[in-house]
Amino acid sequence: MEMLFTTRKIRLLIDSDDIDQKNKIIDTLYQWRYICFKAANQIYTHHYVQQQLREMLYLTEGVRARLSDIKKDEYGMLSTSRMNTSYQVLAQNYKGSIPMHIMSALNGNLVASFNKMSKALASGESSLPSFRKEIPIPFKGTDVKKFRSSREGAVFHFNLFDMPFKTYLGRAGDDKRELLQRLEASQVKLCTSSLALDKGKIFMLAVFQTEPIEHELDEDIIAEASLSLDYPIMVLIGNRRYTIGSKDEYLYKRLAIQAAIRRKRKAMAFMNQHSREQLRQSTIENLMQSEKRYVAHKQHVYSKRLIEICLKNKAATLLLVDQTEKEQQAKEDPFLFRNWGYYGLKQKIERKAEKVGIAVLVE
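A.B. asks: Go over the overall build of the protein chain with me, naming the residues and quoting the values.
C.D. replies: Along the protein chain, the regular secondary structure elements total 10 helices and 13 strands. Burial statistics for the protein chain: of 363 residues in total, 40% are counted as buried. Considering only contacts within the protein chain whose residues lie at least 6 apart along the sequence, 66% involve residues at least 24 apart. On the protein chain, roughly 21,500 Å² of surface is accessible, and the fraction owed to carbon and sulfur atoms is 50%.

Dropping the structure here:
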């Protein structure tokens, strides 16, 4: 049975009343993030250079052929595996400045990512990406120590690299709380995850490995879902009809954010260059990110509700009716293409359906 991987963004607080300790931990995390930013670009650069040596036809065949581990190839030029080449660079540059478990996790993630896009890089279909300073700080699941709960499972405490943290789940964190409770009971496994820093706030992008839950589904029951203009999703199962969300609910806040962005951009015309740049980097970019987060949240809520309806009715197949036509209409209509997010919603539906064993057909 194939394992499932679930990612949740969990707000963390430093589990200490000592202001000096809190400030020290925050400063340390920002220093680590900066190191990860530099290291990530170095990892990609080293592996790109190694790959390109193979493609340099003007070098002798011997040079290109010897770009391998000498332990596996007597003519190899590398003293270790390609995975370990970049790790050795990281160890040489950053050992003592950051836990090497972080560097190991970063190296493993990025080498795997590089290998996936290596063909596109070699063929010129893609360019070498560069990493931003806001890169998350990766860590291995085994780096989380002393994981425990308090207040009847409302708050979870743990240590990460000897730093004390506790969770802040809020009112809408039931699914996160359930996963953390299962983690405490050793029913799920915490895989390589990461810490994200955002304006002084700390978030854990936690990746859980879970076994798929067997759901009782009827192969003869088909749910027909339509991504409509009046409702984000309309569902028909037999003689039962469901609507998920509404046009006004979905668009109200999104259009309000877009209007705020337009007002700020108009105000930029009356500012000097320095003030315009500050406004663009702070307020406008924050509003644009807020709009993206809002859309992603709504798509998650709507797709989750759709799958819950399918499971409630034991539908083994989910048919997205006229989806191809609607995506084409959205491309031709600037308002729909800008605001409705058909493609992103369809992706989330397909991912959630796959996790519970529901087949998705696109008409």
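A.B. asks: So what's going on with the packing of helix α3 (residues 82–94) against helix α4 (residues 100–123)? Which residues, and what values?
C.D. replies: Two quantities define a packed helix pair, namely the angle between the helix axes and the distance between the axes. Between α3 and α4, the shortest axis-to-axis distance is 10 Å and the interhelical angle comes to 145°. At the point where α3 passes α4, the crossing takes the right-handed sense. Where α3 abuts α4, its residues Met83, Ser86, Tyr87, Leu90, Ala91 and Tyr94 lie against Met100, Met103, Ser104, Asn107, Gly108 and Val111. Class assignment of the residues belonging to the contact of α3 with α4 gives a composition of eight nonpolar, four polar and no charged.

A.B. asks: Which residues make up the side chain of Lys348, and what values go with them?
C.D. replies: If you trace the backbone, Lys348 turns up in helix α10 (residues 342–356). Glu350 provides the closest opposite charge to the buried, salt-bridge-free Lys348, at an N-O distance of 11 Å. Apart from the residues lying within four places of it in its own chain, the contact partners of Lys348 are Ala296, Gln299, His300 and Ser303.

A.B. asks: Please provide a residue-by-residue account of the environment of Gly238, values included.
C.D. replies: Examined against the element boundaries, Gly238 turns out to sit in the loop between β10 (233–237) and β11 (240–244). Note on Gly238: relative accessible area 64%, which makes it exposed.

A.B. asks: I'd like a rundown of the pairing of strand β1 (residues 4–14), residues and numbers included.
C.D. replies: Pairing of β1 with strand β8 (residues 201–210) involves nine bridges; the strand directions are antiparallel. Of the residues in β8, the one forming a bridge with Leu12 is Ile202. Here four bridges tie β1 to strand β5 (residues 163–168), and the two strands are oriented antiparallel to one another. Note that in β5 the partner of Arg11 across the bridge is Tyr168.

A.B. asks: Describe the pattern of salt bridges, and please don't skip the residues or the numbers.
C.D. replies: As enumerated under the stated definition, the model contains three salt bridges in all. With its nearest N and O atoms 3.5 Å apart, the salt bridge here joins Lys314 to Glu216. Residue Lys314 is found in the loop between α7 (273–312) and β12 (315–320), and its partner Glu216 is found in the loop between β8 and β9 (218–226); the two are separated by 98 residues along the sequence. A relative accessible area of 36% places Lys314 in the partly exposed class.

A.B. asks: Now, about unusual backbone geometry: what can you tell me, with residues and values included?
C.D. replies: The phi dihedral of Phe161 is positive, around 55°, even though this residue is not glycine. With respect to the secondary-structure elements, Phe161 resides in the loop between β4 (155–160) and β5. Relative accessible area serves as the criterion here: at 21%, Phe161 is assigned to the partly exposed category.

A.B. asks: How would you explain a positive patch on the surface if you had to name every residue and give the values?
C.D. replies: A surface patch of like charges, here positive, comprises Lys9, Lys199, Lys201 and Arg293. Here Lys199 lies in the loop between β7 (193–198) and β8.

A.B. asks: Describe the pairing of β4, with residues and values.
C.D. replies: Among the six residues in β4, six count as buried, and that is most of the element. Pairing geometry for strand β3 (residues 144–150) and β4, over five bridges, is antiparallel. If you follow Ser149 over to β4, its bridge partner there is Phe156. Joining the antiparallel neighbours β3 and β4 is a turn of four residues, in which Arg151 adopts a positive phi near 50°. Direction of pairing for β4 relative to β5: antiparallel, over a ladder of four bridges.

Each value, and the rule that gives it
- Residues numbered from 1 in each chain as written.
- Predicted model: local features only at pLDDT ≥ 70, side-chain atom pairs only at ≥ 80, totals over all residues.
- Heavy atoms only, no water.
- Helix = DSSP H or I, 4+ residues; strand = E, 2+ residues; numbered from the N terminus.
- Buried < 20%, exposed > 50% of the residue type's maximum accessible area, 1.4 Å probe, protein only.
- Contact = heavy atoms within 4.5 Å.
- Areas by Shrake-Rupley, 256 points an atom, 1.4 Å probe, with all protein chains shown as cover.
- Axes fitted to C-alpha atoms, helices over the stretch in contact; angles between N-to-C directions.
- Left-handed = near helix turned anticlockwise from the far one by under 90°.
- Nonpolar A, V, L, I, M, F, W, Y, C, P; charged D, E, K, R; others polar.
- Lys, Arg positive; Asp, Glu negative; His and termini not counted.
- Salt bridge = Lys/Arg side-chain N within 4 Å of Asp/Glu carboxyl O.
- Pairing = 2+ DSSP bridges.
- Patch = residues over 30% accessible without salt bridge, like charges linked within 9 Å, V, L, I, M, F, W, Y side chains within 5 Å.
- Charge placed at Lys NZ, Arg CZ, Asp CG, Glu CD.

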